[in-house]
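So you can see what is in the structure, the chains are spelled out below.
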Amino acid sequence: MKPHLRIVRGDATPEEIAALVAVLATRAAPARPAATPAPRLWRNPARSMRKPLSPGKAAWRMSALP
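Since the model is a prediction, treat every value here as computed from it, not as a measurement.

Criteria and cut-off values
- Starting from 1, residues in each chain are numbered consecutively following that chain's sequence as written.
- Per-residue local features are limited, in this predicted model, to residues with pLDDT of at least 70; the limit for side-chain atom pairs, both in listing and counting, is 80 or more; totals at the level of whole chains, interfaces and linings are taken over all residues.
- To obtain the side-chain values, all non-hydrogen atoms of the structure were used and water was disregarded.
- Under the DSSP-based scheme used, a helix requires at least four consecutive residues in state H or I and a strand at least two consecutive residues in state E, with every element numbered from the N terminus.
- The buried label applies to any residue whose accessible area, calculated with a 1.4 Å probe on protein chains only, is under 20% of its type's maximum; exposed applies above 50%, and partly exposed to all values in between.
- Each accessible area value is a Shrake-Rupley result obtained with a 1.4 Å probe; residue values ignore everything except the protein chains displayed when judging cover.
- Here, patches come from residues exposed beyond 30% relative accessible area and free of salt bridges, joined within 9 Å for like charges and within 5 Å for nonpolar side chains (Val, Leu, Ile, Met, Phe, Trp, Tyr).
- The rule for a salt bridge is simple: a side-chain nitrogen of Lys or Arg has to be within 4 Å of a carboxyl oxygen of Asp or Glu.
- We call two residues in contact when some of their heavy atoms are within 4.5 Å.

## Let's talk about the overall build of the protein
Scanning the protein from terminus to terminus reveals two helices and zero strands. In the protein, which comprises 66 residues, the share counted as buried stands at 0%. Total accessible area on the protein is roughly 7,200 Å²; 63% of this is exposed by carbon and sulfur atoms.

Here it is, written out as C-alpha cells:
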C-alpha cells in the first residue's frame, strides 16, 4: 500500500503528523450544500389579505371570510 503522505525533510513527532493530517482532511472534505429553510407560510403577511370577490352563488357568504 502506497502512503498518501510522505515527510521529505525534518523529524516530525506523531502529534505534528496527526495535526497535519487533521488539517489536510478538513481542507479536502467537500463542502455540504446549505440547507434551505422551509418557508414559513403561517407568518406571511399576504396570507391575511382578502381574496378577490367573485360574483355567483353564495358570494355574499364568501365576502366576509378572509
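We are not done yet, so read on.
## Quick word on a nonpolar patch on the surface
Taken together, the side chains of Leu5, Ile7, Ile17, Leu20, Val21 and Leu24 define a hydrophobic patch exposed on the protein surface, amounting to about 450 Å² of accessible area. Residue position: Leu24 is located in helix H1 (residues 14-28). By relative accessible area, which is 43% here, Leu24 ends up partly exposed.

## Some remarks on the environment of Ala12
Inspection of the secondary structure assignment puts Ala12 in the segment before H1. In this structure Ala12 touches Ile7 and Ile17, once residues within four positions along its chain are discounted.

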